Amino acid sequence: TYLRYHQGAEKKEPILVATGYRVDGTRVLLHIGVGNSESYENWKGFLQEMVARGLNEPLLIVTDGNPSVLKAVEEVFPRSLKQRCQKHRLENILGKAPKPLHAELKAAILESFHAESYKQGRQKGREVIARYRQRFPSAMKCMEETLDACLQALRLPPAHHKRLRTSNLL
């Protein structure tokens, strides 16, 4: 995120933030760090700082798909499930389809993203891809490339699905 963290600063500066959820669903702030960019080096150092302070490897990590973040997460936490933010990915997919059809396509994709289980989500996602591949080949390629990564939160108990499907705190 970007904040003005110096009094009177004219521009916002980058802040790296990690939040987590406990088993009971309570959100906790894990770490805040100053980062001059969203580079691999910044993210790797940020993640290593949390490990040095005692953070065990998380069960699931949600990211927006930034390649630098993904590389750092994979290196520091290789065994964690990696969840792609459904909100960011949905925007990517819809950006490759005609605007007048966004509502129809969004509803179909959300059937997959909001499924009750990982298996059901994959099945529904594959059905969406098959149904729309001819009409929206670029959008469906985008969905197909990360379908499994967008559904990892569905491997956890249903009570956690809603909170863990996106990296947005809202």
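Here, the structure is the one placed above.
A brief look at the structure comes next. Remember, predicted model here, so these are calculated numbers, not experimental data. (Residues numbered from 1 in each chain as written. Predicted model: local features only at pLDDT ≥ 70, side-chain atom pairs only at ≥ 80, totals over all residues. Heavy atoms only, no water.)

## Describing the side chain of Asn-66
No. 1: Structurally, the position occupied by Asn-66 is in the loop between strand 4 (60-63) and helix 2 (67-76).
No. 2: A distance of 2.7 Å separates a polar atom in the side chain of Asn-66 from the backbone nitrogen of Ser-68. (Helix = DSSP H or I, 4+ residues; strand = E, 2+ residues; numbered from the N terminus. Polar contact = N/O pair within 3.5 Å; in protein donor to acceptor, adjacent residues only side chain to side chain.)

## Section: the sheet that holds strand 1 (residues 2-3)
No. 1: With antiparallel pairing, the 3 strands of this open sheet are ordered in space as 1-2-3. Of all strands in the sheet, those with a lone pairing partner are strand 1 and strand 3 (27-34), marking the two edges.
No. 2: Pairing geometry for strand 1 and strand 2 (residues 13-21), over 2 bridges, is antiparallel. The residue bridging Tyr-2 from the neighbouring strand is Pro-14, located in strand 2.
No. 3: Helix-sheet contacts for helix 1 (residues 40-52) involve strand 2 and strand 3, and the interaxial angle to strand 2 is about 40°. (Pairing = 2+ DSSP bridges. Contact = heavy atoms within 4.5 Å. Axes fitted to C-alpha atoms, helices over the stretch in contact; angles between N-to-C directions.)

## Here's the deal with the side chain of Arg-84
No. 1: Checked against the element boundaries, Arg-84 lands in strand 5 (residues 81-84).
No. 2: Once residues within four sequence positions are removed from consideration, Arg-84 is found in contact with Thr-63, Asp-64, Gly-65, Leu-70, Arg-89, Thr-146, Ala-149, Cys-150 and Arg-165.

## Description of the packing of aromatic side chains
No. 1: Summed over the entire model, instances satisfying the criterion amount to 2 aromatic pairs.
No. 2: With centroids separated by 5.3 Å and ring planes inclined at 85°, the aromatic side chains of Trp-43 and Phe-46 adopt a geometry described as edge-to-face. One end of the pair is Trp-43 and the other is Phe-46, both in helix 1 and 3 residues apart, which spans about a single turn.
No. 3: Taking 5.8 Å as the distance between ring centres and 25° as the angle between the ring planes, the aromatic pair formed by Tyr-132 and Phe-136 counts as stacked. Comparing Tyr-132 with Phe-136 shows no difference in burial state: the two are buried.
No. 4: Geometry around Tyr-40 places Lys-71 over its ring, the cationic atom sitting 4.3 Å from the centre.
No. 5: The ring of Tyr-118 is capped by Arg-155, whose NZ or CZ atom sits 3.7 Å from the centre of that ring. (Phe/Tyr/Trp six-rings, centres within 6.5 Å; stacked < 30°, edge-to-face > 60°. Buried < 20%, exposed > 50% of the residue type's maximum accessible area, 1.4 Å probe, protein only. Lys NZ or Arg CZ within 6 Å of the ring centre and 35° of its normal.)

## Overview of the nonpolar core
No. 1: Residues Ile-93, Leu-105, Ile-109, Val-128, Tyr-132, Met-140 and Met-143 are the most contacted members of the largest nonpolar core, which totals 22 residues.
No. 2: Looking at this core, the elements that each hand over two or more residues are helix 3 (86-94), helix 4 (102-113), helix 5 (118-132) and helix 6 (137-150).
No. 3: The biggest single contributor to this core is helix 6, with 6 residues.
No. 4: Beyond its immediate sequence surroundings of up to four residues, Met-140 is in contact with Ile-93, Leu-105, Val-128, Ile-129, Tyr-132 and Arg-133.
No. 5: Core analysis: the next-biggest nonpolar cluster, separate from the first, contains 13 residues, Leu-16, Ile-61, Ala-72 and Phe-77 among them. (Core = buried A, V, L, I, M, F, W, Y, C linked by side-chain atoms within 4.5 Å.)

## Focus on the environment of Lys-44
No. 1: Assignment of secondary structure puts Lys-44 in helix 1.
No. 2: Sequence-wise, Lys-44 and Leu-164 are 120 residues apart; in three dimensions their C-alpha atoms are separated by 22 Å.
No. 3: Setting aside its immediate chain neighbours within four residues, Lys-44 contacts Ala-72, Glu-75 and Val-76.

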